[in-house]
Amino acid sequence: MANNNDKGLELALEALERIASHEKECGERWTEAMIELRELKVVTSNHAERWEKLAWLVVGTVGTTGVAAWDAMFININQ
């Protein structure tokens, strides 16, 4: 009977060791994932800022061209 108890205790200790190593590995992976997500956030933010600048450039160009065309059209009508 004592032999079975020792074997059970041995199995329980081995399971606890496996659980501890699994927890450690998961913690390391989680840390790596969080670091990559932070880096991705920075890259995405920089990319969005560039596209926003380009969008304002396009909007400004189209608006200026529209105003110039509208003005030229009315100048030709009034002459």
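Here we summarise the structure given alongside this text. (Residues numbered from 1 in each chain as written. Predicted model: local features only at pLDDT ≥ 70, side-chain atom pairs only at ≥ 80, totals over all residues. Heavy atoms only, no water.)

### Describing the environment of G60
For the record, the criterion: Secondary structure counts use DSSP, requiring at least four H or I residues in a row for a helix and at least two E residues in a row for a strand, with both numbered from the N terminus.
Tracing the backbone through its elements, the reader meets G60 in helix α1 (residues 2-78). In sequence terms G60 and I75 are 15 residues apart; their C-alpha atoms lie 22 Å from each other.

### Thoughts on a negative patch on the surface
To be explicit about the condition: A patch consists of residues exposed above 30% relative accessible area that lack any salt bridge, with like charges linked at up to 9 Å and nonpolar side chains (Val, Leu, Ile, Met, Phe, Trp, Tyr) linked at up to 5 Å. Computed by Shrake-Rupley with a 1.4 Å probe, the accessible areas treat only the displayed protein chains as cover when residues are assessed. The term salt bridge refers to a pairing of a side-chain nitrogen on Lys or Arg with a carboxyl oxygen on Asp or Glu at a separation within 4 Å. Charge convention: Lys and Arg are scored as positive, Asp and Glu as negative, and His as well as the terminal groups of each chain are ignored. Positions of charges follow a simple convention, taking NZ of Lys, CZ of Arg, CG of Asp or CD of Glu.
A cluster of like negative charges, contributed by E28, E32, E36 and E39, occupies part of the molecular surface. Summarising the element assignment, E36 is placed in helix α1.

### What about the pattern of salt bridges?
Using the following cut-off: Three labels apply to residues, based on accessible area from a 1.4 Å probe with only protein chains included: buried if under 20% of the type maximum, exposed if over 50%, partly exposed otherwise in between.
Overall, the coordinates contain two salt bridges when judged by the stated rule. Among the ionic pairs, E25 bridges to R29, the shortest N-O distance being 2.9 Å. One end of the pair, E25, and the other, R29, are both in helix α1, four residues apart, so they sit about a helical turn from each other. For E25, a relative accessible area of 38% gives the class partly exposed.

Note that all results are geometric; they support no functional claim without further evidence.
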